[in-house]
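Structural overview
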Amino acid sequence: MTQSTRREFLRTSSWAGLGLFAAAGCAPKVADFAQKPGRRVVVIGGGWGGASAAKYVRLADPSIEVILLEPNKEFVSCPFSNLVLSGVRTIESLTFNYDRLRAQGVKVLHETATMIEPEARRVRVGNDALPYDRLIVSPGVEFQWDQVEGLAAAQDRVLHAWKAGPQTVELARQLQAMPDGGVFVLTIPPAAYRCPPGPYERTCQVAWYLKNSKPKSKLIVLDANPNLVSKAALFRAAWANYPNIEYRGSNKVVKVDPGAREVTTELGDKVKYDVLNLIPPQRAGTIAVTADLVGADKRWCEVNHLTYESVKHKNIHVIGDSTIGLPVPKSGNIANAMGKICAVAVASLLNDKPVPTMAPGNTCYSWVSDREAIAVVNSYKIEGDKVVQIEQKLTPGQSEAWAQNAVGWANSIWQDMLG
Amino acid sequence: MRVTTSLLLLLAVAGPAAAGPLDTPGAPQALVCSACHGFGGQSRSNTMPILAGIAPWYFKKAIQDYAAGKRPSPEMEPYAKMVLQSGVDDIAAYFAAQARTASPVKPDDPAAVERGRAAAVQCTLCHGVSGKGDPSKGVPDLTGQPPGYLRNQMLLFKADRRSPGDEQLKAVKTLMRTIPDEQIADLAAYWSSVR
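Reference entry: report on the structure contained in this document. For every chain, the first residue of its written sequence is number 1, and the numbers climb from 1 along that sequence. Naming scheme: in the order in which they are written, chains are lettered from A and ligands are numbered from 1. In keeping with the model being predicted, local features are shown solely for residues with a pLDDT of at least 70 and side-chain atom pairs are shown and tallied solely at 80 or more, while totals for entire chains, interfaces and linings include all residues. As a rule here, side-chain values come from all non-hydrogen atoms in the structure, and water together with hydrogens is ignored.

Notes on the sheet that holds strand S12 (residues 218–223) of chain A
All names here are of chain A. Counted only if it meets this: Two strands pair under a simple rule: DSSP has to find at least two bridges between them. Strands here are runs of E lasting at least two residues and helices are runs of H or I lasting at least four, both read from the DSSP assignment and numbered beginning at the N terminus. Interaxial angles span 0 to 180 degrees and are taken between N-to-C directions of axes, which are lines fitted to C-alpha atoms, for helices over the stretch in contact.
Read from one edge of the open sheet, four strands run S13-S12-S11-S17, paired in parallel fashion. Of all strands in the sheet, those bounded by a partner on one side alone are strand S13 (245–248) and strand S17 (275–278). Pairs of neighbouring strands in the sheet enclose a mean axial angle of 15 degrees, with direction left out of account. As paired elements, strand S11 (residues 183–188) and S12 share six bridges and run parallel to each other.

Written out as structure tokens, the structure reads:
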């Protein structure tokens, strides 16, 4: 959308002005944005949480206008993106547009929310303002570039590939271009970060690729955490098949020097690399920080466990990786569950109805080779207004059957969130 | 212009919408299922069963067996316990009330359906020629489920890894042990195609 058409939309988005077009039943696209008084929900972020929330507000009450602000034209799934590094999947197979969400009646605007005004109940989009009755913020994570010396200046060369997209493709290219005998270094930030098992799945995928394509190469994993954060025993068992992995726990990386192709750990160890994948420490997406939705830690957002309403600002709900305080991982499945629960809560609140008691669930598969997967599953309940875990269950080992279930899960949940 | 203004006024005074699809008992609690089983239980994937239109007795037995570990599944056991705690009767009634759309997943080998049709007579003794089953005998509906799901369940019966010791399942397990794995895939393809 060009600046002028965006302005036109925002200017004419008062309900009366747009109602003219809507009532006439014809006419320009801006007519779609007619607002009914008191019934507009704005969603910031079209990832796992935001897309799910936008769709399910419409399902819960089709009379509520839903506007989704998402700068990217396409959604790229982080789950399964480690398979792009090993060449098992293409990035195209993980890329989806927002057309089906639009077909659900969600108004998708490819714009960036720049500021939230809680008192005025408006979202700033550039110089324009978008009023809301309830706001759902699902901004994902932002990287704390300043936590690693030299990283801020080298953002374009030091890849995180922790938001699936061009960096994923570029890291795969660098891995393929690395000479046999080269060293691939993967660094893992301290918890909490997006997708606890993700770095260990990535370890499997890179190691699998190297074992088959560059057998003289090595993968060094520098983990800021003392041990694997998730599915430790299952990953350790899988790694028995990959003698090319050198895992070093309690090795927090504090400095990167792309010129010397070297990282330095907190202990002062210097590690040379041919290809580096540095996953930086993380906090809530920037809009959550600028809107004062984060807590005293300045990193994450505390929310009500039943409605996901911010504990800091009324009428603003926060879902997904940006939240803290629930006993859940920062995963796509959890963000999808939070999006659905929050959507029903928001629709209920806008209709002065009691909010149903709903808890999230988490199904998390990790690929340990090109054809085998492991899984961890968590279910939850509400107890005393708080989310508490009912049970966590792990697969007893790795198998192709769980990989098939992983494919079924992905196909289902992509549809659940995007229409 | 006058007409338009009247329409606008009409829009403005219209009250909250009528009950939405999530207002029925059990619907909010069933949303956790939709990540894998699709909204309203309309699974579109190959391995997750369709829950839409499922008989309540069958849904409840499955949930109870998963929760008790009789149907060993690291995925379903935690969720089954959650469903029991959040109200299995309401959730069963919600899924039963959803109109079923048959699985869109086609078998890898298109000829499998015809081969399965020729071999399916052995299933019809219990499940009926229609494959719709018989609730009075605890026999479920096979039709329209994803082929991968049907195949996996038959293989679990064959290996006695689904509800071991369940008297009701003795006959199906005995039968499955006589069927080669390739034919199990054909039967799954056929029953998935039946409407």
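Once you've had a look at it, read on.
Some remarks on the sheet that holds strand S7 (residues 122–125) of chain A
Residue and element names in this part refer to chain A. On the basis of which strands lie adjacent, the open sheet formed by three strands has the order S6-S7-S8 and antiparallel pairing. Lying at the two open borders of the sheet, with one neighbouring strand each, are strand S6 (115–117) and strand S8 (128–131). Taking each pair of neighbouring strands and ignoring which way they run, the sheet shows an average axis angle of 30 degrees.

Digging into the pattern of salt bridges
Residues and elements named next belong to chain A. What counts is decided by this rule: Salt bridge, as used here: a side-chain nitrogen of Lys or Arg that lies within 4 Å of a carboxyl oxygen of Asp or Glu.
Within the structure shown, the criterion is met by 31 salt bridges over all chains. Between Asp-99 and Arg-102 there is a salt bridge, with its nearest N and O atoms 3.6 Å apart. With Asp-99 and Arg-102 both in helix H5 (residues 99–103) and three residues apart, the pair spans about one turn of that helix. A salt bridge links Asp-370 to Arg-371, with the shortest nitrogen-to-oxygen separation between them at 3.1 Å.

Focus: the packing of aromatic side chains
Residue and element names in this part refer to chain A. Defined as follows: A pair of Phe, Tyr and Trp rings is counted when the ring centres sit within 6.5 Å of each other, with Trp represented by its six-membered ring. The angle between the planes then sorts it: under 30 degrees is stacked, over 60 is edge-to-face, the rest tilted. Residue burial is assigned from relative accessible area. The probe radius is 1.4 Å, only protein chains are included, and a residue is buried under 20% of its type maximum, exposed over 50%, and partly exposed in between. Any Lys NZ or Arg CZ that is within 6 Å of a ring centre and within 35 degrees of that ring's normal is treated as a charge sitting over the ring.
Per the stated rule, a full pass over the model turns up 16 aromatic pairs over all chains. Relative to Phe-75, the ring of Trp-48 has its centre 6.0 Å away and its plane inclined at 65 degrees; by these criteria the two rings are edge-to-face. Taken together, the residues Trp-48 in helix H3 (residues 48–60) and Phe-75 in strand S3 (residues 74–76) connect sequence positions 27 residues apart. Taking relative accessible area as the criterion, Trp-48 reaches 10% and is therefore assigned buried. An aromatic cluster of three or more residues is present, and its members are Trp-48, Phe-75, Phe-80, Phe-96, Tyr-365, Trp-367, Trp-409 and Trp-414. Above the face of the Trp-300 ring, Lys-330 is positioned so that its terminal group lies 3.9 Å from the ring centre.

Comments concerning empty space enclosed by the protein
What counts, and what does not: The distinction between a cavity and a pocket rests on a 1 Å grid over the protein atoms alone: a 1.4 Å probe fits inside a cavity but cannot get out, while a pocket stays open yet meets protein on both sides within 12 Å along at least five of seven lines, and a residue with an atom within 4 Å of a point counts as lining. Grid points are joined across faces, edges and corners, and a volume is the space filled by probe spheres set on the points. Only Asp, Glu, Lys and Arg are considered charged in this grouping, and only Ala, Val, Leu, Ile, Met, Phe, Trp, Tyr, Cys and Pro are considered nonpolar; every other residue, Gly among them, is considered polar.
Tallying each qualifying case throughout the model produces two cavities of 30 Å³ or more. Along the walls of the largest cavity sit 14 residues, with Val148(A), Ile188(A), Pro189(A), Val253(A) and Ile279(A) positioned nearest its centre. Considered class by class, the residues forming the lining of the largest cavity number 10 nonpolar, three polar and one charged. Of the pockets and cavities examined, the second largest cavity occupies roughly 30 Å³. Around the second largest cavity, the lining residues are Ala30(B), Leu31(B), Cys33(B), Ser34(B), Gly38(B), Phe39(B), Gly40(B), Gly41(B), Tyr94(B) and Phe95(B). A breakdown of the residues in the lining of the second largest cavity according to their chemical character gives six nonpolar, four polar and no charged.

Quick look at the nonpolar core
Rules: Grouping buried Ala, Val, Leu, Ile, Met, Phe, Trp, Tyr and Cys residues that are joined through side-chain atoms within 4.5 Å yields what is termed a nonpolar core. By definition, residues are in contact when any of their heavy atoms lie within 4.5 Å.
Leu69(A), Ile116(A), Val123(A) and Phe59(B) are the most contacted members of the largest nonpolar core, which has 130 residues in total. Apart from the residues lying within four places of it in its own chain, the contact partners of Phe59(B) are Leu51(B), Ile54(B), Val83(B), Val88(B), Ile91(B), Ala92(B) and Phe95(B). Among the nonpolar cores identified, the runner-up in size contains 50 residues, and Leu159(A), Trp162(A), Tyr242(A) and Ile245(A) belong to it.

Things to note about the interface of chain A and chain B
By convention, interface size is frequently given as the accessible area that disappears when the constituent parts associate. Our working definition: As used in this structure description, the phrase polar contact means that two N or O atoms lie within 3.5 Å; if the pair is within protein, one of them must be able to donate a hydrogen and the other to accept it, and residues adjacent in sequence are counted only when both atoms belong to side chains.
With 47 residues of chain A at the contact, the number on the chain B side is 31 residues. In this structure, the connection of chain A to chain B is made through three salt bridges. The salt bridge involving Glu391(A) is made with Lys81(B); its shortest N-O contact spans 2.6 Å. On the surface where chain A and chain B come into contact, there are 16 residue pairs in polar contact (both at pLDDT 80 or more).

Remarks on the side chain of Arg202(A)
Residues and elements named next belong to chain A. To keep it simple, the criterion reads: Counted as positive: Lys and Arg. Counted as negative: Asp and Glu. His and the chain ends are not counted at all.
Positionally, Arg-202 belongs in helix H7 (residues 198–213). Although Arg-202 lies buried, it forms no salt bridge, and the closest oppositely charged side chain, Glu-201, sits 7.1 Å away as judged by the N-O distance. Here the side chain of Arg-202 touches Ala-161 through a polar contact of 2.6 Å, landing on its backbone oxygen. Sequence-distant contacts of Arg-202, that is, excluding residues within four places in its chain, are made with Asn-82, Leu-85, His-160, Ala-161, Trp-162, Leu-171, Leu-186, Asn-277 and Ile-279.

Re the pairing of S11(A)
Looking along a regular strand, one sees the side chains alternate between the two faces of the sheet. Residue and element names in this part refer to chain A. Where burial is concerned, most of S11 is hidden: six out of the six residues are buried. Side chains Val-183, Val-185 and Thr-187 project from S11 onto one buried face, and the interleaved Phe-184, Leu-186 and Ile-188 project onto a second face that is buried too. Relative to S17, S11 runs parallel, the two being bridged by four bridges. The partner of Thr-187 across the bridge, within S17, is Leu-278.

Here we look at the pairing of strand S15 (residues 262–265) of chain A
All names here are of chain A. Burial of S15 is two-sided: the residues Glu-262 and Thr-264 facing one way and the residues Val-263 and Thr-265 facing the other way are all buried. Two elements, strand S14 (residues 253–257) and S15, share four bridges in a ladder whose sense is antiparallel. Pairing of Val-256 across the sheet is with Val-263, part of S15. Count of turn residues in the S14/S15 antiparallel hairpin: four residues, of which Arg-261 carries a positive phi of about 50 degrees. Adjacent in sequence and paired antiparallel, S15 and strand S16 (residues 270–272) are bridged by four residues, among which Gly-268 carries a positive phi angle near 95 degrees.

Observations concerning the environment of Asp416(A)
With respect to the helices and strands, Asp416(A) occurs in helix H11 (residues 400–418). The exposure class of Asp416(A) is buried, given its relative accessible area of 2%. For the pair formed by Asp416(A) and Ala347(A), sequence separation is 69 residues and the distance between their alpha carbons is 18 Å. Not counting chain neighbours up to four residues away, the residues in contact with Asp416(A) comprise Lys55(A), Tyr56(A), Asn336(A), Lys340(A), Ser34(B), Ala35(B) and Phe39(B). A polar side-chain atom of Asp416(A) sits 2.8 Å from a polar atom in the side chain of Lys340(A).

Some points on the packing of helix H9 (residues 147–158) of chain B against helix H11 (residues 181–193) of chain B
All names here are of chain B. Defined as follows: Note on terminology: angles under 35 degrees are roughly parallel, angles over 145 are roughly antiparallel, angles of 65 to 115 are roughly perpendicular, and the others are oblique. Each helix crossing is assigned a hand: it is left-handed if the near helix lies turned anticlockwise from the far helix by less than a right angle, otherwise right-handed if that turn is clockwise.
At a minimum axis separation of 8 Å, H9 and H11 run at an interaxial angle of 140 degrees. Here H9 lies oblique to H11, going by the angle between them. The crossing of H9 and H11 is right-handed. Along the contact surface, H9 presents Pro-147, Leu-150, Arg-151, Met-154, Leu-155 and Lys-158, while H11 presents Asp-181, Ile-184, Ala-185, Leu-187, Ala-188, Ala-189, Trp-191 and Ser-192.

Quick word on helix H10 (residues 332–350) of chain A
We count it as follows: Here the expected length of a helix is defined as 1.5 Å per residue gap, with one fewer gap than residues.
Taking 1.5 Å as the rise per residue, H10(A) with 19 residues should run 27 Å; its terminal C-alpha atoms sit 26 Å apart, in good agreement. In terms of residue burial, H10(A) counts as a mostly covered element, since 18 of its 19 residues are buried.

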